[in-house]
Amino acid sequence: MKLESKTPEGPLAEKWTKHKFNMKLVNPANKRKYDVIVVGTGLAGASAAASLGELGYNVKAFCFQDSPRRAHSIAAQGGINAAKNYQNDGDSVYRLFYDTIKGGDYRAREANVHRLAEVSVSIIDQCVAQGVPFAREYGGLLANRSFGGSQVSRTFYARGQTGQQLLLGAYSALNRQIANGKVKMYNRSELLDVVIVDGKARGIVVRDLITGKIESHSAHAVLLCTGGYGNVFYLSTNAKGSNVTAAWRAHKKGAFFGNPCFTQIHPTCIPVSGDHQSKLTLMSESLRNDGRVWVPKVGVKGLKASEAVKIKEEDRDYFLERRYPSFGNLVPRDVASRNAKYVCDEGRGVGATGLAVFLDFTDAIKRDGKAVIEAKYGNLFDMYQQITGDNPYEAPMMIYPAVHYTMGGLWVDYNLMTTVPGLYALGEANFSDHGANRLGASALMQGLADGYFVIPYTIGDYLATLPYEKVSTDRPEFKEAENGVKERIDKLLSIKGTKAVDEFHRELGHIMWEYCGMSRSDAGLRKAKVKIQELRTQFWKDVNVLGSGNELNMELEKAGRVADFIELGELMVDDALNRAESCGGHFREESATADGEAQRKDDEFAYAAAWEYKGDNQPEQLHKEELKFENVKLTQRSYK
């Protein structure tokens, strides 16, 4: 199968405008004849469902939480990018486009990224109209702050709760359409399969998480807005419920998986403290605006935050400021993360484990006063103190890189359609806009761009080609998918092994972090592949899932998700093995510059990898979407 990106012809800045005009339209009366399924109700899903309902389509929205307000989008703290240039500091749509391409290490599709930058300016207006309480300057204008990977201030924020406030805005728009009868909401429902009829996605099979009932739903198109797969690493900043099952089920039904090994490592997370942890906590990247990152010049074993104040200034190494004077502490996430690992590997890390660096606000508090810092970051400081017991106003935070976001996801074309006609992927569930490394404050931007401003246009171009007739869930394709789901559940419940699901998940996470995390090598990846295959065999022989399928059973939920994570983990390793270059946050030990920076190989790897499922226990087939850079020059990234 040949990949068709469907990127429009013409100048970059005109592609989206011309494409919108050239797409087929569905007239308002006919929109009422089409049904659309939206799976996931975070920023991408809620905004898409609300927008499509507003247009007149009949929407069914599904989430596994008890409310759309529980979506992991609420956890985004620092802000949302938009090229408004309110600061008059040189920002523009083109600069946001350029920063995003460069930040992604030249592994994203130019046309998609420029469209993202274009519609970013409308997102802010949309959210303000919904009542999102963005921070404002003294005179009442919307405030901006800077973020990593940029030398301008373009990040709009609502203290440290930006994701939550944006989701409440989208949720209010969604509720309006629920009240109007245009959106029907299905809470506590988990997608367990996608149904293909005559080569097109025409429905889904879900399990009611309260009763265990298996149900099918049909539609003219299916939108997956189900987030990322960072929990393949077990310890991540993701909510514990975040999983890959929806995307993986779609992958097994023909949707190619794009760049699965592209994982974002976030530099400002509360460090791992022991085996008792089930997830990690993010401290917003916005803290690097005022916090300074440092370690002692000479390692001090077990150095506590309370003891850091005794370290003299001349004995401190502000290593990001030293190595990258132009950007300092605001280098992109991958650069900050890799350098934190370097200094810890040298034995200069702090804390009980030595796997942490300091994020110090002493200078900012002296400069601006405690009240100003508290107004910007108060809730983040409170969160940190509750978790660690240390007061960031009096002693530096301790941070270390952790798995956060995934740039990989289902491969989509310019219209956000996967390789399965009628099946779309939005937000973090797709691979499209961030290349090998997402810039901070761009996740919220992409989710809302896809839901509010892209899919309402592009889905019409597809639906206009379909007849109005609905597909019955009595068709054999639905019954076959339902039976497959039931058989899988019965198999998981019948094993009655000796190990809990979490034991397998934790072991998978250890393998992934050790061999397919920030640092990778050919030998390590080959070792990981064998270990994952062994783990998969052991899982299906020895997992112990208590309870039944006809009730609320969280162990059963986890078992299905972990089974998918194990398969995904192997594909991630295959993708990482194939990509023998250092790129973004993915440091291939065999590919480095003389000064230890990531070394891309543009002559070999300037493409998006799209993997096709070929059957159980069969190698997946690699397809390549060659990336053309006609508007930016491929150069070695430098933030010095």
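Residues numbered from 1 in each chain as written. Predicted model: local features only at pLDDT ≥ 70, side-chain atom pairs only at ≥ 80, totals over all residues. Heavy atoms only, no water.

Details of the domain arrangement of the chain
As far as domains go, the chain holds domain 1 (265-403) and domain 2 (476-604). Spacing between the C-alpha centres of domain 1 and domain 2 amounts to 31 Å. Taken together, the contact between domain 1 and domain 2 spans 11 residues of the former and 11 residues of the latter. The contact between domain 1 and domain 2 buries some 920 Å² in all, and 57% of this surface belongs to carbon and sulfur atoms. Considering only the side of domain 1, the residues that lose the most area to domain 2 are I265, R338 and K341, jointly responsible for 43% of the buried surface there. At the boundary of domain 1 with domain 2, the tally comes to two salt bridges. The closest approach of N and O atoms between E597 and R338, which form a salt bridge, is 3.5 Å. The tally of links between domain 1 and domain 2 comes to four residue pairs in polar contact (both at pLDDT 80 or more). Here the side of domain 1 that touches domain 2 gets five residues from one element, more than from any other, and that element is helix α10 (residues 333-345). The residue inventory of the side of domain 1 that touches domain 2, partitioned by class, reads five nonpolar, one polar and five charged. (Domains from an automatic or database assignment. Contact = heavy atoms within 4.5 Å. Buried area = accessible area lost by both parts, 1.4 Å probe. Salt bridge = Lys/Arg side-chain N within 4 Å of Asp/Glu carboxyl O. Polar contact = N/O pair within 3.5 Å; in protein donor to acceptor, adjacent residues only side chain to side chain. Helix = DSSP H or I, 4+ residues; strand = E, 2+ residues; numbered from the N terminus. Nonpolar A, V, L, I, M, F, W, Y, C, P; charged D, E, K, R; others polar.)

Quick notes on helix α1 (residues 15-22)
Those residues of α1 that fall on the buried side of the exposure criterion are K15, W16 and H19. Down the axis of α1, the sector holding all buried residues measures 90°, keeping them to one side. Buried-residue contacts for α1 involve α5 (110-129) and α13 (443-463). (Buried < 20%, exposed > 50% of the residue type's maximum accessible area, 1.4 Å probe, protein only. Arc of directions from axis to C-beta.)

Description of the packing of α5 against α13
Viewed as axis vectors pointing N to C, α5 and α13 meet at an angle of 85°, and their least axial separation amounts to 9 Å. Compared by their axis directions, α5 and α13 come out roughly perpendicular. Packed against α5, whose contacting residues are R115, L116, V119, S120, S122, I123, Q126 and C127, the element α13 presents M445, Q446, L448, A449, Y452, F453 and V454 at the interface. A per-class count over the contact of α5 with α13 returns 10 nonpolar, four polar and one charged. (Axes fitted to C-alpha atoms, helices over the stretch in contact; angles between N-to-C directions. Parallel < 35°, antiparallel > 145°, perpendicular 65-115°, else oblique.)

Brief notes about the pattern of salt bridges
With the rule as written, the count across this model stands at 51 salt bridges. The closest approach of N and O atoms between E285 and R288, which form a salt bridge, is 3.3 Å. Residue E285 is classed as buried on the basis of its relative accessible area, which comes to 2%. For the salt bridge of E313 with R292, the shortest nitrogen-to-oxygen distance reads 3.8 Å. Here R292 lies in strand β13 (residues 292-296) and E313 lies in the loop between α8 (305-308) and β14 (316-317), a separation of 21 residues in the sequence. One network of salt bridges, in which partners are shared, links D105, R107, D334, R579, E581, R600, D602 and R637.

A look at the nonpolar core
One finds I80, L223, Y424, I459 and L463 to be the most contacted residues of the largest nonpolar core, which totals 154 residues. Dropping the residues within four chain positions of it, I80 is found in contact with I123, I124, F134, R154, T155, F156, T162, L166, A441, L444, M445 and L448. In this structure, A305, L320, I373 and L380 belong to the second largest nonpolar core, which totals 41 residues. (Core = buried A, V, L, I, M, F, W, Y, C linked by side-chain atoms within 4.5 Å.)

Examining the side chain of R154
Along the chain, R154 turns up in strand β5 (residues 153-156). The exposure class of R154 is buried, given its relative accessible area of 3%. Reaching out from R154, the side chain makes a polar contact with the side chain of S150 at a distance of 3.3 Å. Those residues within four positions of R154 in sequence are excluded, and the remaining contacts are I80, N81, A82, D91, R95, L96, D99, N144 and R145.

Things to note about the sheet that holds strand β9 (residues 214-218)
Taken in spatial order, the three strands make up an open sheet running β7-β8-β9, and their pairing is antiparallel. For this open sheet the edge positions go to β7 (189-197) and β9, each flanked by a neighbour on one side alone. Averaged over all pairs of adjacent strands, the angle between their axes in this sheet comes to 25°, without regard to strand direction. In this sheet, strand β8 (residues 200-208) lies alongside β7 in antiparallel orientation, the contact comprising eight bridges. What sits directly across from V194, in β8, is I204. Seen against the sheet, helix α14 (residues 476-494) touches β7, β8 and β9 and runs at an angle of roughly 140° to β7. (Pairing = 2+ DSSP bridges.)

As for the sheet that holds strand β4 (residues 145-146)
Taking strand neighbours across the sheet as the criterion, the three strands line up as β3-β5-β4 in an open arrangement whose pairing is antiparallel. In this open sheet, the two strands that pair with only one neighbour each are β3 (80-81) and β4. Of the strand pairs in this sheet, β3 and β5 are connected by two bridges, and their pairing is antiparallel. What sits directly across from I80, in β5, is F156.

Topic: the environment of Q621
Mapped onto the secondary structure, Q621 falls in strand β22 (residues 621-626). Residue Q621 is classed as partly exposed on the basis of its relative accessible area, which comes to 35%. Between the C-alpha atoms of Q621 and F256, which are 365 residues apart in sequence, the distance is 9.5 Å. In contact with Q621, not counting residues within four places along its chain, are A610, W611, E612 and K614. A polar contact is formed between the side chain of Q621 and the side chain of K614, at a distance of 3.4 Å.

Let's talk about the pairing of β7
When you tally the buried positions in β7, you get eight out of nine residues, the bulk of the element. Linking two consecutive strands that pair antiparallel, namely β7 and β8, is a turn of two residues; a positive phi of about 55° is found at D198 within it.

Notes on helix α17 (residues 554-578)
Helix length check: α17, at 25 residues, gives a terminal C-alpha distance of 36 Å against a target of 36 Å (1.5 Å per residue), a fit within 8%. The buried fraction of α17 amounts to 21 of the 25 residues, a majority that puts the element mostly inside the structure. Capping of α17 at its N-terminal end is provided by N553; its side-chain oxygen lies 3.2 Å from the backbone amide nitrogen of E555. (Expected span 1.5 Å × (residues − 1).)

Remarks on the environment of K491
Along the chain, K491 falls in helix α14. Sequence-wise, K491 and W540 are 49 residues apart; in three dimensions their C-alpha atoms are separated by 8.7 Å.

Points about unusual backbone geometry
Despite not being glycine, Y234 has its phi angle at roughly 65°, a positive value. Within the secondary structure layout, Y234 lies in the loop between β10 (221-224) and α7 (245-252). Its identity is not glycine, yet N617 carries a phi of approximately 60°, on the positive side. Structurally, N617 can be placed in the loop between β21 (607-612) and β22.

Topic: the packing of helix α15 (residues 501-516) against helix α16 (residues 522-542)
Where α15 meets α16, the axes come as close as 10 Å, and the angle between the chain directions of the two elements is 175°. In terms of axis orientation, α15 runs roughly antiparallel to α16. Residue-level inspection shows F504, E507, L508, I511, M512, Y515 and C516 of α15 in contact with α16, the latter providing G524, L525, K527, A528, K531, I532, L535, Q538, F539 and D542. Tallied by class, residues from the contact of α15 with α16 come to 11 nonpolar, two polar and four charged.

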